[in-house]
Amino acid sequence: MGGSADNANDQIASTVSSLPELMERKKRVDMHINLATALSDGIRARNLDKFFETEEKIMTKTTLEESVLETLKDSNVGTPEDKLRLFIIYYLSTSDLPESDLQQYLDALQESGCDTSCIKYLEKLKQISSLHTVTQNKLNSATGSYSSMSNMFKYVKQSSKFMMEGVKSLVVGHRKLPVTRIVDSLSELKHSPQTDSFLLLDPKIYRKTQDTAPPKNTFSHVFVFVVGGGSYVEYQNLMTYAEQHPDKRIVYGSSELLTSNNFLDQLNKLGAATL
């Protein structure tokens, strides 16, 4: 009897001594439950699941159950920013949108309270890409200053394409973003049009010669720095890539980290400057 009583007392004492730790664990669990509940409520309130499904179908060229225009006009779903992001993805995924149709979308966005200045900037980017295609054949047959002009058009087109792919990749899914594709090509020594013009700076080579041989071994340590706005989506995409390649260590940085609304604000400022 005495032994049983002692064991019971020891168990009670152990339980009492562990109460602070148990209470701390409960606080953490409650915090995560509150966060999950708040996220779930936000998703339902803004119908983000509907936006995500629509954006995925736009990206994969799947038939939509409801047109983008109908979604933009629906006052019961999303915020103005949600609708603007949806249309940006649709606009960049559509090769040829008639001016009359574009105006209908812009009217619907403006009625929802959206600042549509960014569309003017994206329209300019698409025009630059088209201009490159039209003039490339003429520039290819020229030399001298025309060759420099060709290089300029090539650079501008690559920059605009990179930017548009980044915008379209707001819905990531399981796809690699442009930055991740570049890291994959460079670190794995893969041939890619995106990285053909990249320079190799090898500290072991004191003088650059035309006979400099490309590296033979893949790279396991990668430092990525975006000059300009970076995003958590890019970082997360790189970390997912790193998990799939356990031999790689990737560090990501940027001049500033942007939220989705920060990004739209920057696009609108660029669009206002082109008006």
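See the structure printed just above.
Residues numbered from 1 in each chain as written. Predicted model: local features only at pLDDT ≥ 70, side-chain atom pairs only at ≥ 80, totals over all residues. Heavy atoms only, no water.

Enquirer: Quick one: what's the story with the packing of helix H2 (residues 48-59) against helix H4 (residues 80-93), residue by residue and with numbers?
Expert: Running from N to C, H2 and H4 cross one another at 5°; their axes reach a closest spacing of 10 Å. What the angle tells us is that H2 and H4 run roughly parallel. Along the contact surface, H2 presents Leu48, Phe51, Thr54, Glu55, Ile58 and Met59, while H4 presents Asp82, Lys83, Leu86, Ile89, Tyr90 and Ser93. Considered class by class, the residues forming the contact of H2 with H4 number seven nonpolar, two polar and three charged. (Axes fitted to C-alpha atoms, helices over the stretch in contact; angles between N-to-C directions. Helix = DSSP H or I, 4+ residues; strand = E, 2+ residues; numbered from the N terminus. Parallel < 35°, antiparallel > 145°, perpendicular 65-115°, else oblique. Contact = heavy atoms within 4.5 Å. Nonpolar A, V, L, I, M, F, W, Y, C, P; charged D, E, K, R; others polar.)

Enquirer: Go over the packing of aromatic side chains, please, and point to the residues and values.
Expert: In this structure the tally under the stated criterion is six aromatic pairs. Among the aromatic residues, ring-to-ring pairing joins Phe87, Tyr90, Tyr91 and Tyr105 into one connected group. In this arrangement the basic side chain of Lys126 is found over the ring face of Tyr91, its NZ or CZ atom lying 4.2 Å from the centre. (Phe/Tyr/Trp six-rings, centres within 6.5 Å; stacked < 30°, edge-to-face > 60°. Lys NZ or Arg CZ within 6 Å of the ring centre and 35° of its normal.)

Enquirer: Explain the nonpolar core residue by residue, including any values.
Expert: In this structure, Phe87, Ile88 and Ile119 are the most contacted members of the largest nonpolar core, which totals 28 residues. Contributing elements (two or more residues each) for this core: H2, helix H3 (68-73), H4, helix H5 (99-111), helix H6 (117-140) and helix H10 (260-274). Looking at which element gives the most residues to this core, the answer is H4, with eight residues. The residues contacting Ile119, other than those within four sequence positions of it, are Leu84, Phe87, Ile88, Tyr91, Leu102 and Leu106. Core analysis: the next-biggest nonpolar cluster, separate from the first, contains eleven residues, Val222, Val226, Tyr241 and Tyr252 among them. (Core = buried A, V, L, I, M, F, W, Y, C linked by side-chain atoms within 4.5 Å. Buried < 20%, exposed > 50% of the residue type's maximum accessible area, 1.4 Å probe, protein only.)

Enquirer: Can you break down a nonpolar patch on the surface residue by residue, with the values?
Expert: Taken together, the side chains of Ile12, Val16, Leu19 and Leu22 define a hydrophobic patch exposed on the protein surface, amounting to about 360 Å² of accessible area. Residue position: Val16 is located in helix H1 (residues 2-46). (Patch = residues over 30% accessible without salt bridge, like charges linked within 9 Å, V, L, I, M, F, W, Y side chains within 5 Å. Areas by Shrake-Rupley, 256 points an atom, 1.4 Å probe, with all protein chains shown as cover. Salt bridge = Lys/Arg side-chain N within 4 Å of Asp/Glu carboxyl O.)

Enquirer: Could you give an account of the pattern of salt bridges, with specific residues and numbers?
Expert: Evaluated as defined, the whole model comprises twelve salt bridges. As a salt-bridge pair, Asp184 and Lys190 come within 2.9 Å of each other at their nearest N and O atoms. Accessibility expressed as a relative area gives 44% for Lys190, which makes it partly exposed. Residues participating in the shared-partner salt-bridge network are Arg46, Asp82 and Arg85.

Enquirer: Provide a residue-level description of H2, including the pertinent values.
Expert: Compared with an ideal rise of 1.5 Å per residue, which puts twelve residues at 16 Å, H2 spans 16 Å between its outermost C-alpha atoms and is within 8% of the ideal. Of all the positions in H2, only Phe51, Thr54, Glu55, Glu56, Lys57 and Ile58 are classed as buried. With its phi angle positive at about 60°, Lys61 sits one or two positions after the end of H2. (Expected span 1.5 Å × (residues − 1).)

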